[in-house]
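Fold and geometry: a report
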Amino acid sequence: MTDDPVADLAPPADPSVTTVLLLVDDDTDRGLLREWLAEHDEFEPRIVNPDAPAPFDAAFDVCLFDVDGFRGVADALATHRESTGTYTPTLLFVPERYGDVESVLARLGDAGEHIDEVIDAPVRRANLVRRLRTLARARRFSTRLEESRDRHQRLVRRLPDAVFVCTDGQVTYANPAATSMLGIDSDAVRGRAFVDLVPSVDRDSVARALKTAMRNGRSDPVETVLCRTVVRNADGGTRNTDGGDGSVSVSEPDSAASEPAVGSSGENGGAGSDTVPSADSSREPAAPVPIELTAIDAGTGDVQVVAHDLRQRREREERLALYRRAMDEATVGITIADHSTDAEGLIYANNEFKRLTGLDDDGLLGRNPRILQTGATDSEPVARLRRAIDAGKQASVVLLNKRSDGRKWHNSLDISPIRGPGGEVTHYLGFQRDVTEWMSREQRLTVLDRVLRHNIRNRLNVVLGYADRVDDAFAAAETKSEAATADDWGDSDVLSNAVDIDSVRADIDRIRAAATDILDLSDSARRFRENIAVDGDADPVDAAAVVVDVASTLAADADGADILVSTPDGPVTVAGAAPLSLVVEELLSNSLEHVADPTVRVSLAVEGDDAVLRIADDGQGITPDSRVPLESGAETATEHGQGVGLWLVRWTVDAVGGTVSYKEGVDGGAVVTARFPIVDGDRNSE
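Quick look at the structure, then. (Residues numbered from 1 in each chain as written. Predicted model: local features only at pLDDT ≥ 70, side-chain atom pairs only at ≥ 80, totals over all residues. Heavy atoms only, no water.)

A few points about the overall build of the protein
A tally of regular secondary structure across the protein gives 19 helices and 26 strands. The 686 residues of the protein split such that 41% are buried. For the protein, the proportion of contacts with a sequence separation of at least 24, taken over those separated by at least 6, is 60%. Per element, the accessible surface of the protein, about 36500 Å² overall, is 49% carbon and sulfur. (Helix = DSSP H or I, 4+ residues; strand = E, 2+ residues; numbered from the N terminus. Buried < 20%, exposed > 50% of the residue type's maximum accessible area, 1.4 Å probe, protein only. Contact = heavy atoms within 4.5 Å. Areas by Shrake-Rupley, 256 points an atom, 1.4 Å probe, with all protein chains shown as cover.)

What follows is the structure in C-alpha cells.
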C-alpha cells in the first residue's frame, strides 16, 4: 500500500474487512502501525494526510490517531460526528513520550470527548487487534441500526395511515399522511397537544389511550375524527381558531420544513420527495376525517399514534348496508348458499323469501333449501338443478315447495354461481318467485283447452249428429207426402205417418242433454271465476250449515239415493260459503251421477286447524285418468280427465289454502277428502 492519499481512499474490495483510518503524525509510529495491520487479513489500513480538506470523507470503519494527529483533525472529527447518524469509533494511541494517558486527555480538553478508546505504549499487537475488533463491531452495529432507522423512517413517511409521535402528549412528528389528513404542514402541528386534534367530546378517551400505551405498551382502538385546518387572517397572517365543535385550527408556517426523524423533536430527517407541501391557508376548512387510532409505546418516553382513515371503510360499509337493505326489501326472494360445505346451507335469506316459506332465520340459515321440497315435487327439475350446481353453472327451474304451514307453492328458482378470487365456486345466489297463480292459470288454460277440444266438441258433435237425424227424418217424410195420392190425404195425415215420432223425440232429448251438459260446464266455470277466484275476503261461515244445506238440496232431486250427513255439534268456521258449497256440490253430484242408487256418506270433522270434508260412495271409484286433479294435479299427454268438475274442486281448495286427496274405500267406491283452513269467526264482525 502506498502513501498516496487518493489511492488509499478507494473502497475495500471485501466488505468483511475492517478499514482503519490512520491519522498518525509520527512517521515511525505510522509505519509500524500500518505494518502490523497489514499482516492481518481482516484489517486494511488507510493513511490520510491530517492536512487534507476533508479527511473523513474517505470510507472507513475505525479511526486510529496519535496525539498530534488527533489535534490536527479534532475540529473536523467533531463536525463529522454531528453530521452523521452513524457511530464513528475512535482509538487514540499514546506513545510514552507524551506522558500518562490522564495528562494527555486533560491537555486535549473538550476535544477529548470524541475519543472512545485509548491505548498507550508499549502496544501489544493482540491488544491492538482486540480493541480494533471491538470498535469495528460497534461500528457495524451502529450502521445496521442506522440503516434500519432509515428504512423505518421511509416506511413511516410512505404509510397510508397517519402516524404521530408524541412526547408528554405533544406532537413531535407527523408523517405526510397525517399532514394530508389535517390539511396543514408538519411544522404547524408539531408542538401541539395531540388531544387538541380531536373533538372535545373524545379528548378524554384519547388521553386515556396515550396513558394506556405508556403503561401497557398499547391501547385499544379509539374511533374519533381529525378536525384541524388552517385559517387566514384578514391581514394575510394566520391564527388559531376554535370551531365550537372541538376543532381547533393551527397557524400556517412561514415556509415548508423537512420531515424530522421518527421520535425526534425538530430534527431534519431529510424529507426529499416524501415532503408534503405547505397547505394553502386561504382555502376552506377541511372536512373532519373519521379515524380509528391506536397508541403504541415507542420507547424513550415517546408514544406513536397510528390513525387509520375510516372514510373508505365507512363508504364501503354504507354501500354494503345499502346493498343489504335493497336485498332485504326486494320483492323477489333472495338467498345465498354456502357451496364450500357438503350441506350447502343458506347463509342469507331476505324478507321476501322468509314470507314465501313462512320460516325465519332459525328455520332457514344453515339448512339446505331442499327442505322446502315435497313428496310431489317433480324429480326432473330437481335433477337438472343438481347437475348445474355440480358443474358450477346457472340454472332456472320451477319446483313445487311447501310453506311452514304445509301449503304448497310453485317456486320459480334462478341460481347463479359466485366465484372466489381463484375462480372456484364458493357460493350460490338464488332468486325465488311465487308463480303458483301463474302455474294455476296455465293449468286452468290447459284443462279448459282440453275441455273445449274434447268435451264441448264431443257434445256439439252429438247435437249436430242428432239434429241431422231429425232433419233426415223430416226430409224422408216430405218425400213420402209428395208421392201420396189425394185418396191417401183423405184417409189420414200422410206426413205424420211418415215420421217416427218416438225416434225423433229421443233424438231431441239427446240434443237437449248435450246442450245441458255444455251449459252446466259453463255454469261451473262461471261459478268458480265469480265466487271463488275473487272471494278472498269473504265473511266466515259455519261449514256445517253449508254442508247440510247443499246435501239436502241435492238429496231432494236424487231418487233412490241415500245421502248420510254427519257434522260436529259446534260451529266450524271457514272463509266464505262459496268455496265449500262448490266442492260439496261437485263431489256429491259426481257420486250421484256415476253410481246407480248410491249410498253417499258426507262427513265434516275438525282435525287440528282444518275443517275436513269427506265424501265417500259405494260405486266403482274414480278412474285413474279422471282422478288426476285429486292426486298429482298435473295433466300429461297420456293422462288427463274427461271432465272439469274435479279440476274445479282442486282449484277451489287451492284458492283457499286447503288440500284435496283421493283414495279408494275399504269396500270399493271413492273417498275424496278436502281440507279447509279454520278461521276466526269474529274476524269480520267489527
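Re the packing of helix α18 (residues 577-594) against helix α19 (residues 645-655)
Look at α18 against α19: their axes get within 9 Å of each other, and the N-to-C directions meet at 155 degrees. The angle between the axes of α18 and α19 places the two elements in the roughly antiparallel class. The two elements α18 and α19 meet at a crossing, and its hand is left-handed. Note on element contacts: α19 touches α18 through G645, L646, L648, V649, T652 and V653, opposite P579, L582, V583, E586 and L587. (Axes fitted to C-alpha atoms, helices over the stretch in contact; angles between N-to-C directions. Parallel < 35°, antiparallel > 145°, perpendicular 65-115°, else oblique. Left-handed = near helix turned anticlockwise from the far one by under 90°.)

Structural notes on the sheet that holds strand β1 (residues 18-23)
One open sheet accounts for five strands, arranged β2-β1-β3-β4-β5; its pairing is parallel. One side of each edge strand has no neighbouring strand; the edge strands of this open sheet are β2 (43-47) and β5 (117-120). On average, each strand axis in the sheet is inclined to that of its neighbour by 25 degrees, with strand direction left out of account. Here four bridges tie β1 to strand β3 (residues 62-66), and the two strands are oriented parallel to one another. Each residue of the ladder has a partner; that of L21, found in β3, is C63. On the sheet, helix α5 (residues 125-158) packs against β1, β2, β3, β4 (90-94) and β5 and is oriented at approximately 170 degrees with respect to β5. (Pairing = 2+ DSSP bridges.)

Remarks on the packing of aromatic side chains
The tally for this structure, following the rule as stated, stands at four aromatic pairs. Taking the centre distance of 5.1 Å and the plane angle of 65 degrees together, the rings of F164 and F194 count as edge-to-face. On the criterion of sequence distance, the pair formed by F164 in strand β6 (residues 162-167) and F194 in the loop between α7 (186-189) and α8 (203-216) is long-range, its members being 30 residues apart. Neither residue differs from the other here; F164 and F194 are each classed as buried. Between W647 and W651, the aromatic rings sit 5.8 Å apart at their centres with planes inclined by 35 degrees, giving tilted as the arrangement. Here W651 and W647 lie together in helix α19, a separation of four residues that amounts to about one turn. Exposure class is identical for W647 and W651. Each is buried. It is R139 that lies over the ring of F60; its NZ or CZ is 5.5 Å from the centre. (Phe/Tyr/Trp six-rings, centres within 6.5 Å; stacked < 30°, edge-to-face > 60°. Lys NZ or Arg CZ within 6 Å of the ring centre and 35° of its normal.)

Considerations on the sheet that holds strand β26 (residues 670-677)
Here we have five strands laid out as an open sheet, ordered β21-β23-β24-β26-β25, and mixed in their pairing. Sheet topology places β21 (562-566) and β25 (659-664) at the edges, where each strand pairs with a single neighbour. On average, adjacent strands in this sheet sit at an angle of 15 degrees to one another, irrespective of strand direction. When β21 meets strand β23 (residues 599-607), the two strands line up parallel, connected through five bridges. Counted as the bridge partner of D562 is T599 from β23. Helix-sheet contacts for α18 involve β21, β23, β24 (610-616) and β26, and the interaxial angle to β24 is about 15 degrees.

Regarding the nonpolar core
Core analysis: the largest hydrophobic core is formed by 32 residues, its most contacted members being L580, V583, V602 and L613. The set of elements that each furnish at least two residues to this core consists of α17 (543-556), α18, β23, β24, α19, β25 and β26. Sort the elements by how many residues they give to this core and α17 lands first, with seven residues. If we skip the residues at most four places from it in the chain, L580 touches A543, V546, V547, V574, L613 and F676. Ranked by size, the runner-up nonpolar core spans 27 residues in total, among them V198, V206, I291 and L293. (Core = buried A, V, L, I, M, F, W, Y, C linked by side-chain atoms within 4.5 Å.)

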